[in-house]
Amino acid sequence: MLGGLSPENFLARYWHKKPLLIRQALPGFNGLLSPDDLMHLAGEEEVESRLVSRSQEIWKLAHGPFAPKTFSRLAKKNWTLLVQSVDHRLDAGAALLARFDFIPHARLDDLMVSYAVPGGGVGPHFDSYDVFLLQGMGRRRWRISAQRDMEFLPDVPLRILRRFEAEQEWVLEPGDMLYLPPHYAHDGIAEDACMTYSIGFRAPSAQELAVGFLDWLHEHLDLPGRYADPALRLQRHPGQLSDDLIAQVSTMLESIRWTEDDVARFAGSWFSEPKPTVFFEPPAHPLGLAIFTRRLAHTGIKLDRRSRLLFSGRRFFCNGEEVLAPPRTSTVLRSLADSRRLAPGNYPLALAELLHDWYEAGWVQWE
Ligand code: SIN
Ligand code: CO
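Computed from a predicted model, the values in this text were never measured in an experiment. (Residues numbered from 1 in each chain as written. Chains lettered and ligands numbered in written order. Predicted model: local features only at pLDDT ≥ 70, side-chain atom pairs only at ≥ 80, totals over all residues. Heavy atoms only, no water.)

Engineer: Would you mind going over the layout of surface pockets in detail, with residue names and values included?
Structural biologist: Empty space within the largest pocket amounts to approximately 1,200 Å³. If you go around the largest pocket, you meet 44 residues; those closest to its centre are Arg-50, Gln-84, Met-112, Asp-127 and Tyr-129. Domain assignment of the residues forming the lining of the largest pocket places at least three in each of domain 1 (7-201) and domain 2 (204-224 + 257-367). Taken together, 35 residues form the lining of the second largest pocket, with Ala-94, Asp-304, Arg-305, Arg-306 and Arg-340 sitting closest to its centre. Among the elements that make up the lining of the second largest pocket, the one with the highest residue count is helix α4 (residues 91-98) (five residues). Counting the residues that make up the lining of the second largest pocket, at least three belong to each of domain 1 (7-201) and domain 2 (204-224 + 257-367). (1 Å grid on protein atoms, 1.4 Å probe; cavity = no way out; pocket = protein on both sides within 12 Å on 5 of 7 lines; lining within 4 Å. Points joined across faces, edges and corners; volume = space filled by probe spheres on them. Domains from an automatic or database assignment. Helix = DSSP H or I, 4+ residues; strand = E, 2+ residues; numbered from the N terminus.)

Encoded structure:
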């Protein structure tokens, strides 16, 4: 899929560094769903979708859900519909993402699919994330630039570069793929009605991580001690915060400590947290543990398409929740985290119990 490059070579030479065009990355690939299927998805409440259109130089952005008739009323040119997290809705979408597992799962975001009529696109812009742009049906012209000028047009509902100067351009055909590192300016315009599959990654900002970590710490902190002032002396201004008070609070706060293990635990829950739009449905008539274990032995099990399972040492993080692997189950749980499935087998009871909990939460599904 990387045009003859090994994943090691791709990582060393291109990942997060420079663009790569791969002709026929997936020979024979023509997409996973039709424009109608995509429009149908964009009609659903819990699916995140956007419609971007341009008429003369006026850009418009609308957010879904969209009624089916929305699209039949649009012009024949210059609009595009973009739908996020198609991997949550389609086994084939999840399987496509799985092909990118030379990048750690924690870095993976989602599969976005767009449909554009001729001339359609979201305009020249850059993203803060790495992306693989895989062409499905139809052809799209990509123009890219390493420019440093990142100024956006003012008063436009989208981020459109004010001055975009393409340095390279290609027309991508079905099965071709373009990799772009973060902050690389690009503009994809549909040559004919076309669909593009964007495999997107996440790179949290220091601010996002710090806020997340402070929340985590808030729940896990257990500091000893309490404010005490046996040497209190009469203050001239009872309303004043004394230097002693501030110094004592400061010393108490300085006793906040965390270890690498705390950071691993935070990172595990943070990176495995599902998107806010995700709601798991527990099975309507859940099997009891005994029948569940027999079926597990018979058919095996897989993670739900939306589940995220990560690990660090013996700690496992599923959908934001941490569990310590029961004895002798780490190896099996790691292979579930890596490959998202477990072959049929007689697993230790403690593992069957854990999987049964996850099954009751709707986090795993039968093969
Ligand atoms: C697309 O239009 O499918 C991709 C949008 C992008 O460039 O991020
Ligand atoms: Co982009």
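Back to the write-up after that little detour.
Engineer: Residues and numbers for the environment of Ser-272, please.
Structural biologist: Residue placement: Ser-272 occurs in helix α7 (residues 260-272). Along the primary structure Ser-272 and Met-1 are separated by 271 residues, whereas in three dimensions their C-alpha atoms are 27 Å apart. Not counting chain neighbours up to four residues away, the residues in contact with Ser-272 comprise Ala-267, Arg-308, Leu-310, Phe-317, Cys-318, Asn-319 and Gly-320. There is a polar contact of 2.7 Å between the side chain of Ser-272 and the backbone oxygen of Gly-268. (Contact = heavy atoms within 4.5 Å. Polar contact = N/O pair within 3.5 Å; in protein donor to acceptor, adjacent residues only side chain to side chain.)

Engineer: Outline the sheet that holds strand β15 (residues 321-324), listing residues and values.
Structural biologist: Within a sheet, each strand pairs with its neighbour through backbone hydrogen bonds, oriented either parallel or antiparallel. Spatially, the three strands line up as an open sheet ordered β13-β14-β15, and their pairing is antiparallel. Two strands in the sheet have a free side with no partner beyond their single neighbour: β13 (309-312) and β15. On average, each strand axis in the sheet is inclined to that of its neighbour by 25 degrees, with strand direction left out of account. With respect to the sheet, α7 is in contact with β13, β14 (315-318) and β15, its orientation differing from that of β14 by roughly 25 degrees. Strand contacts of helix α9 (residues 330-339): β13 and β14, with the helix running at about 135 degrees to β13, the strand carrying the most contacts. (Pairing = 2+ DSSP bridges. Axes fitted to C-alpha atoms, helices over the stretch in contact; angles between N-to-C directions.)

Engineer: Describe the coordination of the cobalt ion (ligand 2), with residues and values.
Structural biologist: Ideal coordination angles are 109.5 degrees for a metal with four donors arranged tetrahedrally and 90 or 180 degrees for a metal with six donors arranged octahedrally. The cobalt ion (ligand 2) binds to the protein through His-125 (NE2), Asp-127 (OD) and His-186 (NE2); the donor distances cover 2.0 to 2.1 Å. Going along the chain, you hit the donors of the cobalt ion (ligand 2) in the pattern H-x1-D-x58-H. Highlighted residues: Asp-127 in the loop between β5 (108-116) and β6 (131-135) and His-186 in strand β10 (residues 185-190), separated in sequence by 59 residues. Assessed through its relative accessible area of 26%, Asp-127 is described here as partly exposed. (Donors = N, O, S within 2.8 Å, 3.2 Å for Na, K, Ca; no water. Buried < 20%, exposed > 50% of the residue type's maximum accessible area, 1.4 Å probe, protein only.)

Engineer: Residues and numbers for the environment of Leu-296, please.
Structural biologist: Tracing the sequence through the fold places Leu-296 in helix α8 (residues 289-299). On the basis of relative accessible area, Leu-296 is assigned to the buried category, the value being 1%. Sequence separation between Leu-296 and His-356 is 60 residues; the distance between their C-alpha atoms is 9.6 Å. With sequence-adjacent residues up to four places away left out, Leu-296 is seen in contact with Ile-301, Pro-344, Gly-345, Tyr-347, Ala-352, Leu-355 and Trp-366.

Engineer: How would you explain the sheet that holds β10 if you had to name every residue and give the values?
Structural biologist: An order of β8-β7-β10 is seen for the three strands of this open sheet, with the pairing classed as antiparallel. Pairing within the sheet leaves two strands with one partner each, and these edge strands are β8 (168-172) and β10. Averaged over neighbouring strand pairs, the angle between their axes works out to 15 degrees when direction is ignored. Alignment of strand β7 (residues 140-145) against β8, held across five bridges, turns out to be antiparallel.

Engineer: Quick one: what's the story with a nonpolar patch on the surface, residue by residue and with numbers?
Structural biologist: A cluster of nonpolar residues, Tyr-227, Val-249 and Leu-253, forms a patch on the protein surface that exposes about 250 Å² of accessible area. Tracing the chain through its elements places Leu-253 in helix α6 (residues 243-254). With relative accessibility at 52%, the residue Leu-253 sits in the exposed group. (Patch = residues over 30% accessible without salt bridge, like charges linked within 9 Å, V, L, I, M, F, W, Y side chains within 5 Å. Areas by Shrake-Rupley, 256 points an atom, 1.4 Å probe, with all protein chains shown as cover. Salt bridge = Lys/Arg side-chain N within 4 Å of Asp/Glu carboxyl O.)

Engineer: Describe in detail unusual backbone geometry, supporting the description with residues and values.
Structural biologist: Cis geometry is found at the peptide bond from Gly-64 to Pro-65, where omega equals 5 degrees. For Pro-65, the location among the structural elements is in the loop between β3 (58-63) and α3 (69-72). The phi dihedral of Gln-56 is positive, around 50 degrees, even though this residue is not glycine. Following the sequence through the fold, Gln-56 ends up in the loop between β2 (49-55) and β3. Classification of Gln-56 by relative accessible area gives exposed; the value is 68%.

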